[in-house]
Each structure stands twice: as C-alpha cells, then as structure tokens.
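Secondary and tertiary structure notes
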Amino acid sequence: MTSETQDNQALTNYDIAIAGGGIVGVTLAAILKNSGLKVIIIEAKPLEVAAARTQAYAFSLLSSRIYEGIGVWKDIVPHIGKFKNIRLSDSDFSQIVKFETTDLNTNYLGYVAQHNVVLTALQKYIVDCPNIHWLCPGEVTDVEYQDDLAQVTVKIQDKKHFLKAKLVIGADGARSHIRSLAKITTRGWKYWQSCVAFTIKHTAAQNETAFERFWSTGPMGVLPLPGNRCQIVWTNPHERAKKLQALEEQDFIKELDYYIQGSLGDLKLVGDRVVFPVQLMQCDHYVQSRLALIGDAAHCCHPVGGQGLNLGIRDAASLAQILITAHNQGQDIGSLSVLKEYEAWRKRENLAILGFTDFLDRFFSNNWLPIVVVRRLGLWLMGNLQPLKIFALKLMTGLKGKTPVLAQNN
Ligand SMILES: Cc1cc2nc3c(=O)[nH]c(=O)nc-3n(C[C@H](O)[C@H](O)[C@H](O)COP(=O)(O)OP(=O)(O)OC[C@H]3O[C@@H](n4cnc5c(N)ncnc54)[C@H](O)[C@@H]3O)c2cc1C
C-alpha cells in the first residue's frame, strides 16, 4: 500500500480507480492484489477514521468463504462472534423457527463482525502491495468519461489532483457522488422506520444464537459478539426510534428487556445508540462504459436479515472475477461488454434479496388479522417443512445464486 500524497509523479495512469475505501471497496482491491492490475483506492476519510466504526454486521457464510479465498479470514475470525443457531419468531407467538447447523452441515450458520476488525484486516492485507496505491484522505469530486479512459479529479486539502484510469469503481456508499456524476437513476423508497443500533453486554451464558424477532413496530435482530456482548439492530417508526435513542440508559434497558423477554440476563449498554433511517434502493444501471458501481452505491436494503454488506462483498468478488478474466484474455476491462457481465450476474440476485427483506418487513410489521394468520401459518410451515426451511436458510447465508470462484473451494 503506497500513499500517493507523497508521490505525485505516480498520480497518472491506473487500470482501476476505486472511489471509496469502505469494506466493499477495499475487498475489491484485496481480491485484485495479485491480478497484475494497477489499482488506486481514493478514500475521503483518513485511513484510521474510515476503519474506526465499531458497528457490527451479520456476516454470511458466503462472505466468510470469499474472505477465506482472499486469505484474510484467519486474521478476522479470532475476533468475531459466531453463531450455530438462528431463531425466527413473531412477537409473542409461541411458534419459533429454529435453524441449526445440521440443516446445512456446516460448523456455523454465520458470523458477527465489527467494521473496524474487518476493514483493519483488509487494509493490512494490502499494505506494501506494489500495485495497490492509496489516496487518503482524498475526495473524488469529478469524473470525465472518455472513450478509452476516465479522468478523475481528487480534492486533497483544497488542492485538485488528476489521475487517469481505464475503469472507475463507485464504492462510495449509499449517497454515491460517483453515481450522481454519472446521472445513473435509482428506484426505491424510504421506509417509515429507522433502526436503533447498539451493543450491549449481558450476563446470559448463551453466545451462539442469533435472533430475529418481528414486532408490529419492526423487526429486532440480536447478534452475538465475543465477550458476552450482542449487537442489536432494533427497527422502529422514526419518532419512536428517536425517543428510544434519547431515553435515560436505565429506562432504555428496561424497555429493551421487555422486547428480548429477559433472555439475556442483566444488560448494560456499551457505547452509543446510533439511529439510521432505512431505505430500499436499486440503481437502474450498475455499469456504463468505464464505470461500475458496487455495494451501497448500487443498492441498499432493509437491515432485517443482515444482508446489505454481504451483498456488497459478493458484488466485489463477482466483479473482480470478471475483471481478472478479461485482463488475462487481453480485453479492455473498462468496456461496456465486460462490465455488462457483472451487471447481468449481480443485479437480479441483489433484487431478489431486496425483495425478500422488503417482504419480511412489510409482512411482519402488520397487525391486520388476516395477515397475522397467514404469516403465523407461514412460520409454522417454515418450521415444519424442511425444503422450505433449507431454501430460506440458504438465501440468508448467501448459499443461493451463483458462487464466485474464489469462494467455491472453502
Ligand atoms: C442499522 C444498520 C444495520 C446494518 N446491519 C447489517 C448487517 O448486519 N449485515 C450486513 O451485511 N449489512 C448491514 N447493514 C448494511 C451495511 O452497513 C452497508 O451495506 C455497508 O456498510 C455498505 O458498505 P460500502 O463499503 O458499500 O459503503 P460505506 O461503508 O458507506 O463506505 C463508503 C466509503 O466511501 C467513502 N466516500 C464517500 N464518498 C467519497 C468520495 N467522493 N471520494 C472518496 N471516498 C468517498 C466514505 O468515506 C466511506 O468510507 C446495516 C445497515 C444499517 C443502516
């Protein structure tokens, strides 16, 4: 990893310029480490600030296999939560759908990893790699697309710098500036809900079960972390989410304890409660000549089921596979014909997950009696019909759809 701020000579030609050094952008760079392609990552925040977030994510089996394929999983796995069971339930309805490792014949059903653990491991993995450069902190402010290359303008401390690349990757998150500059339109909606995300310490012995419980106000996900901690993502209508954030700690814990039904013993908040508005968004196009969008820049979904980051990691692995193949065959990696392969692979698969998470949120955040009856029947069927249960489990763990080659042998 080379800092370009000290080396302006090299600020000229790259094969790939990645705008956004979040987990998704850096995952793509890590997969390209030995590809022979010259890559630059441009990240608006200082490296350590970008990696400082402690938000934890549900990490799917597929994501773990992609990271095993890269060779970085061994540095992540000692520091993260692992779960062997998933419990799905509908408020106080007694039928609980129980997913176990025996359903898939795997050691775990998923993992819970904090942002700082994953991003720091990825950053270390590409440190000193001669073909991967960093421009950080540097903000992409403009991109001019030409037939054979793109010219990227980067603002570093009020000064403009220019570089050229055969391909620009927009990995710059949900409010992607790269997407806006390219005038790529999006579809979707904002939900009537926000998520309150926080970590708690608890005294219960359990630490290998992930819970998703559906309330009429919205779903609540409880994800186990090491050291008797859990990451909780609690969806509520906007106003209620803000009120929960503002409650005194002891009142908040009392309210929380009611919703998790005392299952985790004594509770203590670790850190802040962060409130995120929730949206569903999908771009009309993931690619155009010399540009590809990945991660939240291309799509966002409801956090129910913990899918968002996992979709982005899968985008990165799929795109890297296509680019490496095209490069090895002497094709132009920024050409529309190459990039369309990525769009054809990922857009439909992502749409299926976006639809699934939207369905879960709408169907369960509803108190209309006929819907309540149908969904409770649905939960009963899922708990008792093994093929249906396996289908849902494979969807949640990333084992449905086309698997990137990198993840196939792990
Ligand atoms: C409450 C909540 C809970 C969630 N839980 C889960 C979960 O359990 N599991 C899961 O898989 N997903 C989860 N998600 C979704 C997940 O957080 C996102 O999908 C993921 O963080 C997106 O990663 P990204 O790298 O695409 O974007 P980001 O993490 O947003 O990274 C984008 C990066 O680009 C940089 N940047 C922006 N603009 C520029 C620019 N112009 N120039 C240079 N750099 C720029 C930013 O500084 C940032 O570092 C959750 C989301 C929410 C809101």
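Please refer to the structure placed before this passage.
Below is a short write-up of the structure. (Residues numbered from 1 in each chain as written. Predicted model: local features only at pLDDT ≥ 70, side-chain atom pairs only at ≥ 80, totals over all residues. Heavy atoms only, no water.)

1. A word on the site of the ligand
Going by this rule: Residues are labelled near a given molecule or strand when at least one of their non-hydrogen atoms is within 4 Å of it. Here a polar contact is taken to be a pair of N or O atoms separated by no more than 3.5 Å, where protein atoms must pair a possible hydrogen donor with a possible acceptor and residues adjacent in sequence count only if both atoms sit in side chains. In DSSP terms, a helix is any run of H or I states spanning at least four residues, a strand is any run of E spanning at least two, and both are numbered starting from the N terminus. The classification used treats Ala, Val, Leu, Ile, Met, Phe, Trp, Tyr, Cys and Pro as nonpolar, Asp, Glu, Lys and Arg as charged, and all other residues, Gly among them, as polar.
Surrounding the ligand, one finds 28 residues, the nearest of these being Glu-43, Ala-58, Val-140, Asp-296 and Leu-309. Between the ligand and Val-24 there is a distance of 3.3 Å, counted from an oxygen atom to a backbone nitrogen or oxygen. Contact between the ligand and Glu-43: an oxygen atom at 2.7 Å from a side-chain N or O atom of the residue. Contributing elements (two or more residues each) for the shell around the ligand: α1 (23-31), β4 (56-59), β10 (139-145) and α9 (308-328). Among the elements that line the shell around the ligand, the one with the most residues is α9, at three residues. Taken together, the residues of the shell around the ligand break down into twelve nonpolar, ten polar and six charged.

2. Focus: the sheet that holds strand β15 (residues 218-225)
Filter applied, for reference: Strands qualify as paired when DSSP identifies two bridges or more between them. The contact criterion used is simple: two residues touch if any of their non-hydrogen atoms lie within 4.5 Å. To obtain each axis, a line is fitted to C-alpha atoms, and for helices this fit is confined to the stretch in contact; angles are then taken between N-to-C directions over 0 to 180 degrees.
Strand order in the open sheet made by the eight strands is β7-β6-β14-β15-β16-β13-β17-β20, with mixed pairing throughout. The sheet is open, and its two edges are formed by β7 (97-100) and β20 (299-300), each paired on a single side. Sheet topology note: the strand β13 (residues 186-202)/strand β17 (residues 267-283) ladder contains 13 bridges and is antiparallel. From the neighbouring strand, Gly-188 faces β17, where its bridge partner is Met-281. Along the sheet, helix α7 (residues 238-246) makes contact with β13, β16 (229-237) and β17, crossing β16 at roughly 140 degrees.

3. Section: the packing of α1 against helix α3 (residues 61-70)
Note the cut-off: Any angle that falls under 35 degrees is termed roughly parallel, while one over 145 is termed roughly antiparallel, one within 65 to 115 roughly perpendicular, and all others oblique. Note on convention: the crossing is left-handed when the near helix lies turned anticlockwise from the far helix by less than a right angle, right-handed when the turn is clockwise.
Following both chains from N to C, one finds α1 and α3 inclined at 40 degrees, their axes separated by 10 Å at the closest point. One element, α1, and the other, α3, form an angle in the oblique class. Classified by chirality, the crossing of α3 by α1 is left-handed. Counting all contacts with α1, which are made through Ile-23, Thr-27, Ala-30 and Ile-31, the residues of α3 involved are Ile-66, Tyr-67 and Ile-70. Here the residues of the contact of α1 with α3 are counted per class, giving six nonpolar, one polar and no charged.

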